[in-house]
Amino acid sequence: MSAYAVQGEDGLPTSEPPATGFTEEQAMEHIDALYRTALRLTRNPADAEDLVQETYLRAFRFRDRFAAGSNLRAWLFKILTNAAISRFRHTSRESGDSSLDEMEESDLYAHVAGDGGRGESAEDELLNAVLDVDVREAIEALPEPFRLAVVLSDVEGFSYKEIADMLDVPLGTVMSRLFRGRRILRKRLTDATRSTAA
Amino acid sequence: MDCNELQARLEQFVDRELSNEEAAEVQAHLDACPPCVRIYHFEVGMRRLVRRACCESAPDYLRARIIEAGR
């Protein structure tokens, strides 16, 4: 193999690969993921559409800054989350606080751990009882920093490190937002399940 | 590792963010502790629930609008 041959992700040589940029097709592969994230962040379809369009227009404009072969999905999400965060700053009505500090993790898990003899696991019970719409509402009710961390990790599967890079925050901040956000979610959803079952 | 230590690391375990060594310790505890296994399944179930609920597709007209605007 010559010193000038360049390898694609599959290890095979690719013909005339660009050093930067991406194709329209490559970028559009991620539109569903960007859109569902935008929906959770803006909480309405019209704003989500605007946010996704803004994301793509910026991505196309700054195409040259994207190093070919790096993670396009993470790069697009970084643009989306930055655009979303600057919107939040303008129209912030988030309190950022919640009453979760009093809630102990052990209380939360006690009901799950003690569910052994009931034939149906807590997981099945929850999965069966909670409607998708309730889950979406519970996510959308989270304060914005927690919501973002939960969506990026639990829905989109980004690593802590990828999320930290995306949001320009330390890894520990990602973890604390994520764990706190999940704790609020778990509480809302288990409370909803128990009130449904009652 | 006791149950409290397990619960403190469980989310990182489910997120595959622990080192191999730490993950092995969590796994060893889970192998011996049914109540913690239930908590583990609950955590996994929560992730699945969230992912299942968030699965919208972008409308076709948005796709078309973006492609048009990008040219």
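Residues numbered from 1 in each chain as written. Chains lettered and ligands numbered in written order. Predicted model: local features only at pLDDT ≥ 70, side-chain atom pairs only at ≥ 80, totals over all residues.

If you had to explain the interface of chain B and chain A to someone new, which residues and values would you point to?
A common way to express how large an interface is: the accessible area buried when the components associate. The partner chain A presents 38 residues to the 31 residues of chain B that form the contact. Counting only elements with at least two residues in the side of chain B that touches chain A, the list comes to helix H1 (3-14), helix H3 (34-53) and helix H4 (60-70) of chain B. In terms of residue count, H3 of chain B provides more of the side of chain B that touches chain A than any other element does, 15 residues in total. Of the residues belonging to the side of chain B that touches chain A, the class tally is 15 nonpolar, five polar and 11 charged. (Contact = placed C-beta atoms within 7 Å. Helix = DSSP H or I, 4+ residues; strand = E, 2+ residues; numbered from the N terminus. Nonpolar A, V, L, I, M, F, W, Y, C, P; charged D, E, K, R; others polar.)

Please set out the environment of Phe-77 of chain A residue by residue, giving values where relevant.
Residues and elements named next belong to chain A. When you line up the elements, Phe-77 lands in helix H4 (residues 72-90). Look at Phe-77 and you get buried, because 24 C-beta atoms sit within 10 Å. In sequence terms Phe-77 and Leu-34 are 43 residues apart; their C-alpha atoms lie 6.8 Å from each other. (Buried ≥ 20, exposed ≤ 12 C-beta atoms within 10 Å, placed from the backbone.)

I'd love a proper account of unusual backbone geometry, names of residues and values included.
All names here are of chain A. For Arg-43, which is not a glycine, the phi torsion comes out positive at approximately 70°. Note that Arg-43 resides in the loop between helix H2 (31-42) and helix H3 (45-61). C-beta crowding within 10 Å serves as the criterion here: with 15 such atoms nearby, Arg-43 is assigned to the partly exposed category.

Give a detailed account of the domain arrangement of chain A, specifying residues and quantitative values.
All names here are of chain A. Here the domain parsing of chain A yields domain 1 (24-90) and domain 2 (102-197). Every contact between the two is made by 10 residues of domain 1 and, on the other side, 11 residues of domain 2. Breaking the side of domain 1 that touches domain 2 down by element, the ones donating at least two residues are H2 and H4. Sort the elements by how many residues they give to the side of domain 1 that touches domain 2 and H4 lands first, with five residues. (Domains from an automatic or database assignment.)

Tell me about the environment of Val-155 of chain A, and please be specific about residues and values.
Of note, Val-155 of chain A is situated in helix H8 (residues 144-155). Each C-alpha atom of the pair Val-155 of chain A and Leu-39 of chain A lies 13 Å from the other, and the pair is 116 residues apart in sequence. Excluding anything up to four places from it in sequence, Val-155 of chain A contacts Val-50, Arg-51 and Cys-54 of chain B.

Describe the confidence of the model for chain B, with residues and values.
With 100% of its residues at a pLDDT of 70 or more, chain B shows a mean pLDDT of 93. Overall fold confidence for the complex sits at a pTM of 0.82, while the interface term, ipTM, reaches 0.92. (pLDDT = per-residue confidence, 0-100.)

Please provide a residue-by-residue account of the packing of helix H7 (residues 132-140) of chain A against H3 of chain B, values included.
Relative orientation of the contacting elements H7 of chain A and H3 of chain B amounts to 95°, with a least axis distance of 8 Å. If you check the angle between H7 of chain A and H3 of chain B, you find them roughly perpendicular. Residues Asp-132, Val-135, Arg-136 and Ile-139 of chain A of H7 of chain A pack against Leu-49, Val-50, Arg-52 and Ala-53 of chain B of H3 of chain B. Its residues assigned to classes, the contact of H7 of chain A with H3 of chain B comprises five nonpolar, no polar and three charged. (Axes fitted to C-alpha atoms, helices over the stretch in contact; angles between N-to-C directions. Parallel < 35°, antiparallel > 145°, perpendicular 65-115°, else oblique.)

Before we move on, can you summarise the packing of H3 of chain A against H4 of chain B with the specific residues and values?
Across the interface, H3 of chain A lies against H4 of chain B with an axial gap of 10 Å and an inter-helix angle of 30°. When the axis of H3 of chain A is compared with that of H4 of chain B, the two are roughly parallel. As H3 of chain A runs across H4 of chain B, the sense of the crossing is right-handed. For the pair H3 of chain A and H4 of chain B, the contacting residues are Glu-49, Val-52, Gln-53, Tyr-56, Leu-57 and Phe-60 of chain A in the first and Leu-62, Arg-65, Ile-66, Ala-69 and Gly-70 of chain B in the second. Tallied by class, the residues present in the contact of H3 of chain A with H4 of chain B amount to seven nonpolar, two polar and two charged. (Left-handed = near helix turned anticlockwise from the far one by under 90°.)

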